[in-house]
Amino acid sequence: MIITEITKQALFPSLIFNKEISYNDSITLYPVRMKDIMIFQQYQMAFTLRKDAIFREKQLIKMDYLDFIRFACRNAGLAQNYNLPLLPFFYDFVIGMLQIVCGEKAEITYNARTLDIFINGFQITSPVFDDIRKIVILQNDIDFDIDDFTNIDTIRALEKAKEFEAKKQNEKADIEDYIDSLVITMNVTEEYVSNMTIRKFWRYIKRINKHDEYEACRAGQMSGMVTFKEPLKHWMTSLEVTDQYKDLKTDENELRNKIE
């Protein structure tokens, strides 16, 4: 099945059972497995750069995302000006990500002079790359919306707030801790987890946390020692989190229209 619309709702039948998504006759995208999570976390930086929030020059904001990635390739001066040391390598990260998500049989090639990219002979244009970004983000449950614009000062403030909350809660778990916890909780092997998709892995982690929190709150409520202003939400309800910073964001197209 070749998709005609790239939204979470449209992709949902494929997402829930970790199925591949056919973009066209040449491009099929597969969900990333936990065995590749470390390199995936590095490569995803090239898919989630908040270009229009970070870079102030109009000519850069006006650039399509793929054109900007090509412009930034080996551009040490740009990286230095914005203190983004890995930026010159984001083009390489894009190639690496495509090699993972397109599967072992896919042929990923590029022109070293023009930096044009081809998947199984099909040239990746800027609109096609934007579609691929959306699919990869949704397919692997990356917390990022490419259509949202957030001011860079707001982004930094939110990041500091998250760091503060993490320190306050003394959260120091790394990916190995989460893997260990899932192995013990689900009574599965590490090999089983390594073949799990990243999207499902984090959903299971969130679901387990939600279950434990629900059971603890319910026990306190049943004892009569704890009361809650709102009814407890069952642990089987949606994992979707309301975006509390929605009012601070702007649609990217709206931003571009304001630039002369």
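Residues numbered from 1 in each chain as written. Predicted model: local features only at pLDDT ≥ 70, side-chain atom pairs only at ≥ 80, totals over all residues. Heavy atoms only, no water.

Caption draft 1: Spotlight on the overall build of the protein. The number of helices and strands found in the protein is 13 helices and 7 strands. When each of the 260 residues of the protein is scored for burial, the buried share is 37%. A fraction of 59% describes how many contacts in the protein between residues 6 or more apart in sequence connect residues 24 or more apart. Surface summary for the protein: the accessible area is close to 16500 Å², and the carbon and sulfur share equals 50%. (Helix = DSSP H or I, 4+ residues; strand = E, 2+ residues; numbered from the N terminus. Buried < 20%, exposed > 50% of the residue type's maximum accessible area, 1.4 Å probe, protein only. Contact = heavy atoms within 4.5 Å. Areas by Shrake-Rupley, 256 points an atom, 1.4 Å probe, with all protein chains shown as cover.)

Caption draft 2: Geometry of the sheet that holds strand S3 (residues 108-110). The antiparallel open sheet is built from 3 strands, whose spatial order is S3-S4-S5. Unpaired on one side and paired on the other, S3 and strand S5 (122-123) mark the two borders of the sheet. Direction of pairing for strand S4 (residues 117-119) relative to S5: antiparallel, over a ladder of 2 bridges. Bridging from a neighbouring strand, Ile119 pairs with Phe122 of S5. (Pairing = 2+ DSSP bridges.)

Caption draft 3: Up close: the environment of Met186. Checked against the element boundaries, Met186 lands in helix H10 (residues 175-186). Overall, Met186 belongs to the partly exposed group, its relative accessible area being 30%. Here the alpha-carbon distance between Met186 and Ile208, two residues 22 residues apart in the chain, equals 9.5 Å.

Caption draft 4: Just H10, in detail. With 12 residues, H10 extends 16 Å between its outermost C-alpha atoms, agreeing within 8% with the 16 Å of an ideal straight helix rising 1.5 Å per residue. Within H10, the full set of buried residues consists of Ile175, Leu182 and Val183. In a view along the axis of H10, the buried residues occupy a sector of 100°, so they form one face of it. Each element contacted by the buried residues of H10 is listed here: helix H2 (37-43), helix H11 (190-194) and helix H12 (198-223). Regarding H10, its N-cap is Asp174, as a side-chain oxygen of that residue lies 3.1 Å from the backbone nitrogen of Glu176 further along. Positive backbone phi, approximately 55°, marks Asn187, located one or two places after H10. (Expected span 1.5 Å × (residues − 1). Arc of directions from axis to C-beta. Polar contact = N/O pair within 3.5 Å; in protein donor to acceptor, adjacent residues only side chain to side chain.)

Caption draft 5: Spatial organisation of the nonpolar core. The biggest cluster of nonpolar side chains holds 62 residues, and the ones touching the most others in it are Phe55, Phe68, Leu87, Ile124 and Ile132. Ranked by residue count, the leading element in this core is helix H7 (residues 90-101), at 8 residues. Non-local contacts of Phe55, meaning those with residues more than four positions away in its chain, are made with Leu49, Leu60, Ile61, Phe68, Leu78, Tyr82, Leu84 and Leu87. (Core = buried A, V, L, I, M, F, W, Y, C linked by side-chain atoms within 4.5 Å.)

Caption draft 6: Molecular detail of H7. Its 12 residues give H7 an end-to-end C-alpha distance of 16 Å, which sits within 8% of 16 Å, the value for a rise of 1.5 Å per residue. Counting buried positions along H7 gives 9 out of 12 residues, so the element sits mostly inside the fold. For H7, every residue scored as buried is listed here: Phe90, Tyr91, Phe93, Val94, Ile95, Gly96, Met97, Leu98 and Val101. Summarising the contacts, the buried residues of H7 are in contact with strand S2 (28-29), H2, helix H5 (65-72), S3, S4 and helix H8 (126-139). Just downstream of H7 lies Gly103, where phi reads positive at about 90°.

Caption draft 7: Focus on unusual backbone geometry. Of note, Arg74 is a non-glycine position whose phi angle comes to about 60°, a positive value. Of note in this structure, Asn120 is not a glycine but carries a positive phi near 50°. In this structure, Asn120 sits in the loop between S4 and S5.

Caption draft 8: Local environment of a nonpolar patch on the surface. There is a patch of nonpolar side chains on the surface, built from Met45, Leu86 and Phe89 and spanning about 230 Å² of accessible area. Relative to the elements of secondary structure, Leu86 occurs in the loop between helix H6 (76-81) and H7. (Patch = residues over 30% accessible without salt bridge, like charges linked within 9 Å, V, L, I, M, F, W, Y side chains within 5 Å. Salt bridge = Lys/Arg side-chain N within 4 Å of Asp/Glu carboxyl O.)

Caption draft 9: Representation of a negative patch on the surface. Together, Asp174, Glu176, Asp177, Asp180 and Glu190 make up a negatively charged patch on the protein surface. Inspection of the secondary structure assignment puts Glu176 in helix H10. (Lys, Arg positive; Asp, Glu negative; His and termini not counted. Charge placed at Lys NZ, Arg CZ, Asp CG, Glu CD.)

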